[in-house]
Amino acid sequence: MLPLLFLLQGALALPSPVPLAIPNRYIITLKPNATITSHLSLLNRRTSSIDKTYSIADFSAYSGTFDATTLHSLSLSPDVATIEPDQIYSLSTITTQPSAPWGLASISHRSANQTSYLYDSLAGTSTTAYIIDTGIQTTHSDFEGRATWGYNAYPDSSSTDNHGHGTHVAGTVGGVKYGVAKKASLVAVKVFDTGSSTTSIVMDGFNWAVDHIISNNIQDSSVISMSLGGPYSPAFNTAVQKAWELGIVSVVAAGNEGQDASGRSPAGAEFAVTVGAVDVERVKPWWSNYGASVDVFAPGVGVESAWIGGDDNAKRTIDGTSMATPHVSGLVLYLRSVEGLKGARDVVERLKGLATRGVVSEEGVGSPNLLAYNGVEE
């Protein structure tokens, strides 16, 4: 885990917001030459409450509740080495989902034709997926209230999923039954309605998602998922690159034209994580795009997930690299929550490093023979 604090000239930096931080509670670590008893005697007990002290060799620290004024004074104290928020910890256990959708079983086993999904119970805790698509039926039971509307870029359309594609994708990313990262938050960014869209509309939605991630400082706990594509666009590919340089991971569909993915956008973007599809036997279907622009393959044939409908329990089974993509988007969030991965490059390198090698058949000229895997059996 990266350090929460860094030194400034003459004073400690106060902690930045942390997703699992407990409000107003902090752990104060003293410098080796400081005496904890004399240091504590100087604290104003009316504005602070100390409940634990720690001492191991020359390490000494204490925890408690402190107001902003006291926290600032502590940051100036010559006795204090670091100040960090007290955070929520949880037990991490491996959970088994029996009779799971085959795509979930596939990404949690090295061998084919498995029926259970094995996953760490953290599974996307404190992470967020931006689903740039047709919207999400946020009331669907599979989302447990974790899906919200973010932005509607499609002109003259309602902030509802009128197609079903986006709801299906969101279900695979983070649904409680159908999803990889079962505790992730899901944000709907609508760029399609019931038919086609344009590069300019999709880029508008993408730009909004990037701005929202940056403004909330969640580059290290989010992913942009785009199960979409179109003709080659230098502008769109550059936008994906610039988002990457800001630390944002974009996972995109390779496309369903049966051609080299490099000629499509954003599939051909150098800094996108581009996903091709396989079936249950780990064979690439003829329609899945391929080539050096593809980073990894994932389940994309006969994928069951959530769908739009009046009872909020609808489901549908469909095919496409659109279905493969959210398996990998969910996996990015899964790895971030379970392994604490932060930077975009670290996440993508881990994703590729974990992938099962040499098991995809008919992968296509230039494609990497990598199948997405969550590492649970390692």
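Cut-offs and rules
- Residues numbered from 1 in each chain as written.
- Predicted model: local features only at pLDDT ≥ 70, side-chain atom pairs only at ≥ 80, totals over all residues.
- Heavy atoms only, no water.
- Helix = DSSP H or I, 4+ residues; strand = E, 2+ residues; numbered from the N terminus.
- Rg over C-alpha atoms; globule rule 2.2 N^0.38 Å.
- Buried < 20%, exposed > 50% of the residue type's maximum accessible area, 1.4 Å probe, protein only.
- Contact = heavy atoms within 4.5 Å.
- Areas by Shrake-Rupley, 256 points an atom, 1.4 Å probe, with all protein chains shown as cover.
- Lys, Arg positive; Asp, Glu negative; His and termini not counted.
- Charge placed at Lys NZ, Arg CZ, Asp CG, Glu CD.
- 1 Å grid on protein atoms, 1.4 Å probe; cavity = no way out; pocket = protein on both sides within 12 Å on 5 of 7 lines; lining within 4 Å.
- Points joined across faces, edges and corners; volume = space filled by probe spheres on them.
- Nonpolar A, V, L, I, M, F, W, Y, C, P; charged D, E, K, R; others polar.
- Patch = residues over 30% accessible without salt bridge, like charges linked within 9 Å, V, L, I, M, F, W, Y side chains within 5 Å.
- Salt bridge = Lys/Arg side-chain N within 4 Å of Asp/Glu carboxyl O.
- Axes fitted to C-alpha atoms, helices over the stretch in contact; angles between N-to-C directions.
- Parallel < 35°, antiparallel > 145°, perpendicular 65-115°, else oblique.
- Left-handed = near helix turned anticlockwise from the far one by under 90°.
- Pairing = 2+ DSSP bridges.

Undergrad: I'd love a proper account of the overall build of the chain, names of residues and values included.
TA: If you tally the helices and strands in the chain, you get 8 helices and 21 strands. Its C-alpha atoms give the chain a radius of gyration of 23 Å, near enough to 21 Å, the size a compact globule of 378 residues would have. Counting only C-alpha atoms and orienting by the principal axes, one finds that the chain spans roughly 75 × 45 × 40 Å. Looking at the chain residue by residue over its 378 residues, the buried ones come to 53%. Taking as baseline every contact in the chain between residues at least 6 positions apart, the subset at least 24 positions apart corresponds to 71%. Accessible surface for the chain amounts to roughly 16,300 Å². Of this, 53% is attributable to carbon and sulfur atoms. Separation of charge centres in the chain, based on 23 positive and 34 negative side chains, amounts to 5 Å.

Undergrad: Go over empty space enclosed by the protein, please, and point to the residues and values.
TA: For the coordinates displayed, the defined rule picks out 1 cavity of 30 Å³ or more. Quantified by volume, the largest cavity comes out at close to 50 Å³. Counting residues per element, the ones that place at least two in the lining of the largest cavity are helix 3 (102-107) and strand 18 (303-306). The element that contributes the greatest number of residues to the lining of the largest cavity is helix 3, accounting for 3 residues. For the lining of the largest cavity, the per-class residue count stands at 5 nonpolar, 4 polar and 1 charged.

Undergrad: Go over a nonpolar patch on the surface with me, naming the residues and quoting the values.
TA: On the surface, a nonpolar cluster with roughly 290 Å² of combined accessible area is contributed by Tyr54, Ile56 and Phe59. Summarising the element assignment, Phe59 is placed in strand 5 (residues 59-66). Note on Phe59: relative accessible area 35%, which makes it partly exposed.

Undergrad: I'd love a proper account of the packing of helix 4 (residues 165-174) against helix 7 (residues 321-339), names of residues and values included.
TA: Between helix 4 and helix 7, the shortest axis-to-axis distance is 7 Å and the interhelical angle comes to 40°. Comparing their axes, helix 7 and helix 4 come out oblique. Crossing angle aside, the handedness with which helix 4 passes helix 7 is right-handed. In contact with His165, His168, Val169, Thr172 and Val173 of helix 4, helix 7 contributes Ser322, Met323, Pro326, His327, Ser329, Gly330 and Leu333. Residues belonging to the contact of helix 4 with helix 7 are distributed by class as follows: 5 nonpolar, 7 polar and no charged.

Undergrad: Explain the pattern of salt bridges to me, using residue names and the numbers behind them.
TA: For the structure on display, the rule yields 9 salt bridges. Salt-bridge contacts for Arg264 lead to Glu257; the nearest nitrogen and oxygen are separated by 3.3 Å. Arg264 sits in the buried class, given a relative accessible area of 19%. When the shortest N-O distance is used, the salt bridge between Glu339 and Arg350 registers 2.8 Å. Residue Glu339 is located in helix 7, and its partner Arg350 is located in helix 8 (residues 344-354); the two are separated by 11 residues in the primary sequence. Looking at Arg350, the relative accessible area reads 32%, which means it is partly exposed. Shared partners join several salt bridges into a network, and the residues in it are Arg25, Asp51 and Asp86.

Undergrad: So what about the sheet that holds strand 5? Which residues, and what values?
TA: Taken together, 4 strands build an open sheet; the order of strands is 4-5-3-6 and the sheet is antiparallel. Pairing within the sheet leaves two strands with one partner each, and these edge strands are strand 4 (48-56) and strand 6 (80-87). Averaged over all neighbouring strand pairs, the angle between strand axes comes to 25°, with direction disregarded. Where strand 3 (residues 21-30) meets strand 6, 6 bridges bridge the pair, whose relative direction is antiparallel. Following the sheet pairing, Tyr26 is matched in strand 6 by Pro85. Seen against the sheet, helix 2 (residues 68-76) touches strand 3, strand 4, strand 5 and strand 6 and runs at an angle of roughly 160° to strand 5.

Don't take any of this as a statement about function, it's just geometry.
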